[in-house]
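# Chains, contacts and geometry: an overview
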Amino acid sequence: MRWSTMHIPTLREDPADAGAPSHRLLLRAGYIRQLMAGHYSLLPLAVRVRLKVIQVIREEMNRIGAQEVLMPTVHPAELWQRSGRLEVMGEEMFRLRDRKDAELVLVMTAEEVVTTLANELTSYRELPQTWYQIQTKYRDEPRPKAGLMRVREFTMKDSYSFDLDAAGLDKSFDAHHHAYTTIFERLGIPAIPVVASSGAMGGSGSTEFMCPSEIGEDDIVYSRECGYAANREKATSRLAQADPATDATLAKDAPERFDTPGVRTIEDLAQRFDAPADRQVKTLVYVLDGTLTLVLVRGDHGLEEQKLADATGAVAIRPAAAEEIVAVLGAAPGSLGAVGVTEIPVIADEALRGRSGMVTGANLNEVHLRGVDVSRDIAVGRWADLRTVLAGEACVQCGSPLEVFKGIEVGHIFKLGYKYTDALDVTVSGPDGKPVKPIMGCYGIGVERAMAAIVEVHHDAKGIIWPAAVAPFDVVVVVAQQNDPAVAEAGEQAYRRLLDAGVDVIIDDRTARAGEKFSDAELVGIPLRITIGKRGLAAGTAEVTERATGETVVVPFEDLPGHVTKAVAAGITASR
């Protein structure tokens, strides 16, 4: 391949609207171009990287016995109605109608379709089955951003396992866990498996693979001591036990009202009325699937909304509007409480269980209650872990202080259970001849997101530093003086000899200045650069420069193929 004829539109300046390093560098290095928000064209270099990422994924999926299939991207809406997910996906699902006015959807994920394929399985002897595809998916993201990180059209490797029982599902899940660990190691992504929420997919046993990065949208809670790792949406921590003696001292036979003029916040109440935040009951009002609900957490704790969704099974969640709150509770936010409330559902965080001597709003403006016994005075309908875990809290496993850092989700695996085989009525004949429903797992990796994550991890001020396993080329031959016939001929010979040796190589045969060629090679991120120039030609040598370290060695011209093939093999082997 020749740089002079390949479309590599590098840019000298950073694009103004690109913030994330991967977005900025993939644009500058001529890998991608935006068509509209959330939709990108992949240019020739990006296509080569994408294919190598896919090959790594395909090899590891095949290694665990998964079989590749390809399913449609347009689905009948009726299928999603049967699974109960048509409404759950909401506005993020692209919807359309065909010429016969049939309602259709563009694929976000393929549980429904793959489960219909499983209808052809008839006996337990055909299990287990694992099917995967590498296919375009669509998601109507409200705010696409960060280049390939959050888009509306992307490539996903999604696989689905069907097993006879939970023990079989455990094996399929563990096989995928191992495969994913290997995939990300080979791709050069330092992915950490973390406990996560299953969200709209349903099921349990959810594990995300997170790449630590400042541009990540997820908060990861992590213990360096024992390795505990969880998405903040699922994380918990060990709280200090409340002092029963202090609770007893502040307890009262019945809640006692006291005026709190001007109090609007937890801090106001703590500072002006000797009510520490950890002794307050914070009352939040949410609308869960159309039902007004009181959500209680300790005053010094925040609410993790995904935990609320998981605990209640609610699909549509939003904070209630001020007018909705006043209409039902009779008071404005700042004076709200759940004492005596019986006509509205109440869900409370576990940190409030058994507490007494607490302070909360009285549902009268600028009036609060002290001496509240949560179990006695509040009709809690459901207890759940709802609070947001903070850095420095004690690890639930080892007690060491927890860290919180940002991460990019690069993979996600679920134990789906029977959600889809129940909904779509899939059965096989069991060992005793009776019908048995297969149990399912689901496993996904975003291909372009993985590409972007690699760049986030592997770059410097000069540009991208691709790991050898996924680089668009192994080597770039830079002809320093293209206008010099002897140098140009030597560059061509080096290029041809490397091709003959099986090296994936591109020659920069442009007439541009050598400095510009060096800058472009560094920006594009090809692992090895071979420089052919006048001085080296006179000495019968070439310079071989490693992109990652910047180290340069001088190699005799006749030794070049052997030296380079060993270096390339070492780089690829190191990524396995």
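The preceding data block contains the structure.
A short tour of the structure in this document, coming up. (Residues numbered from 1 in each chain as written. Predicted model: local features only at pLDDT ≥ 70, side-chain atom pairs only at ≥ 80, totals over all residues. Heavy atoms only, no water.)

### What to know about the overall build of the chain
Broken down by element type, the chain carries 16 helices and 31 strands. Expressed as lengths along the three principal axes of its C-alpha atoms, the size of the chain is roughly 100 × 65 × 50 Å. By the burial criterion, 51% of the 576 residues in the chain qualify as buried. Look at the contacts in the chain between residues 6 or more apart in sequence, and 69% of them connect residues 24 or more apart. For the chain, the computed accessible surface area is about 25100 Å², with 50% contributed by carbon and sulfur atoms. (Helix = DSSP H or I, 4+ residues; strand = E, 2+ residues; numbered from the N terminus. Buried < 20%, exposed > 50% of the residue type's maximum accessible area, 1.4 Å probe, protein only. Contact = heavy atoms within 4.5 Å. Areas by Shrake-Rupley, 256 points an atom, 1.4 Å probe, with all protein chains shown as cover.)

### Focus: the pairing of strand β19 (residues 367-372)
With five of six residues buried, β19 lies mostly within the body of the structure. The pairing of strand β13 (residues 256-259) with β19 spans four bridges and is classified as antiparallel. Residue pairing across strands places Phe 258 opposite His 368, the latter belonging to β19. In terms of strand pairing, strand β18 (residues 358-364) meets β19 through four bridges, oriented antiparallel. (Pairing = 2+ DSSP bridges.)

### A look at helix α13 (residues 485-500)
Over its 16 residues, α13 extends 22 Å from the first C-alpha to the last, a length consistent with the 22 Å expected when each residue adds 1.5 Å. Of all the residues in α13, the buried ones are Val 487, Ala 488, Ala 490, Gly 491, Ala 494, Tyr 495 and Leu 498. All buried residues of α13 project into a common sector of 165° when viewed along the axis, lining one side. In α13, the exposed positions angled more than 90 degrees off the buried face are occupied by Pro 485 and Asp 500. (Expected span 1.5 Å × (residues − 1). Arc of directions from axis to C-beta.)

### As for the pairing of strand β31 (residues 552-556)
As judged from the five bridges shared by strand β30 (residues 541-546) and β31, these two strands associate in the antiparallel manner. In the strand pairing of β31, Ala 542 is matched with Val 555. Between the antiparallel neighbours β30 and β31 lie five residues, among them Gly 550 with a positive phi of about 80°.

### Considerations on the pattern of salt bridges
Here the structure, examined in full by the defined rule, presents 42 salt bridges. Between Arg 85 and Glu 111 there is a salt bridge, with its nearest N and O atoms 3.0 Å apart. Residue Arg 85 is located in the loop between α3 (77-83) and β5 (95-97), and its partner Glu 111 is located in helix α4 (residues 111-117); the two are separated by 26 residues in the primary sequence. A salt bridge links Glu 492 to Arg 496; the nearest nitrogen and oxygen atoms lie 3.1 Å apart. Taken as a pair, Glu 492 and Arg 496 lie in helix α13 at a separation of four residues, close to a single helical turn. Through salt bridges with shared partners, one network takes in Arg 2, Glu 492, Arg 496 and Asp 509. (Salt bridge = Lys/Arg side-chain N within 4 Å of Asp/Glu carboxyl O.)

### Brief notes about the side chain of Gln 135
With respect to the element layout, Gln 135 can be found in strand β7 (residues 129-138). In this structure the side chain of Gln 135 is engaged in a polar contact, spanning 2.9 Å, whose partner is the side chain of Lys 137. Excluding residues that lie within four positions of it along the chain, Gln 135 makes contacts with Leu 70, Met 71, Pro 72, Thr 73, Val 107, Phe 154, Thr 155 and Met 156. (Polar contact = N/O pair within 3.5 Å; in protein donor to acceptor, adjacent residues only side chain to side chain.)

### Some details on the sheet that holds β31
Sheet architecture is open: five strands sit in the order β28-β27-β29-β30-β31, paired in mixed fashion. Since the sheet does not close on itself, it has two edges, and those belong to β28 (505-508) and β31, each with one partner. Shown here is a sheet whose adjacent strand axes are inclined to one another by a mean of 25°, direction ignored. (Axes fitted to C-alpha atoms, helices over the stretch in contact; angles between N-to-C directions.)

### Here we look at the environment of Arg 82
Position of Arg 82 relative to the elements: it lies in helix α3. The partly exposed category is assigned to Arg 82, whose relative accessible area is 42%. In the structure, Arg 82 is positioned 341 residues away from Ala 423 in sequence and 6.2 Å away in space, judged by C-alpha atoms. Apart from the residues lying within four places of it in its own chain, the contact partners of Arg 82 are Ala 423 and Leu 424.

### Considerations on the side chain of His 23
You can see His 23 is positioned in helix α1 (residues 21-28). Sequence-distant contacts of His 23, defined by excluding residues within four places in its chain, comprise Asp 17, Ala 18, Ile 32, Tyr 40, Ala 146 and Gly 147.

### Let's talk about the packing of aromatic side chains
Under the criterion given, the structure shown has eight aromatic pairs. With a centroid separation of 5.5 Å and 50° between ring planes, the pair formed by Tyr 180 and Phe 209 is classed as tilted. With a gap of 29 residues between them, Tyr 180 in helix α5 (residues 166-187) and Phe 209 in strand β10 (residues 204-212) connect regions that are remote in the sequence. Take Tyr 180 and Phe 209: they sit in the same class, and that class is buried. One aromatic cluster is present, formed by Tyr 180, Phe 184 and Phe 209 through successive ring pairs. (Phe/Tyr/Trp six-rings, centres within 6.5 Å; stacked < 30°, edge-to-face > 60°.)

### Let's talk about the layout of surface pockets
The space that makes up the second largest pocket amounts to roughly 540 Å³. What lines the second largest pocket is a set of 22 residues, and nearest its centre among them are Ala 240, Gln 241, Ala 242, Ala 351 and Arg 355. With three residues, helix α6 (residues 244-250) is the largest single contributor of residues to the lining of the second largest pocket. Taken together, the residues that form the lining of the second largest pocket break down as five nonpolar, five polar and 12 charged. (1 Å grid on protein atoms, 1.4 Å probe; cavity = no way out; pocket = protein on both sides within 12 Å on 5 of 7 lines; lining within 4 Å. Points joined across faces, edges and corners; volume = space filled by probe spheres on them. Nonpolar A, V, L, I, M, F, W, Y, C, P; charged D, E, K, R; others polar.)

### Section: the packing of helix α2 (residues 44-63) against helix α12 (residues 447-457)
In the contact formed by α2 and α12, the axes pass within 10 Å of each other and the chain directions differ by 105°. Between α2 and α12, the interaxial angle falls into the category roughly perpendicular. Seen from α2, the contacting residues are Ala 46, Val 49, Arg 50, Val 53, Ile 54 and Ile 57; seen from α12, they are Val 447, Glu 448, Ala 450, Met 451 and Ile 454. Here the residues of the contact of α2 with α12 sort into nine nonpolar, no polar and two charged. (Parallel < 35°, antiparallel > 145°, perpendicular 65-115°, else oblique.)

### What about the environment of Arg 272?
Among the structural elements, Arg 272 can be located in helix α7 (residues 266-272). We classify Arg 272 as partly exposed; its relative accessible area is 46%. As for Arg 272 and Gly 262, which are separated by 10 residues in sequence, their C-alpha atoms are 10.0 Å apart. Sequence-distant contacts of Arg 272, defined by excluding residues within four places in its chain, comprise Pro 261, Gly 262 and Val 263. Among the polar contacts listed, one links the side chain of Arg 272 to the backbone oxygen of Pro 261, at a separation of 2.6 Å.

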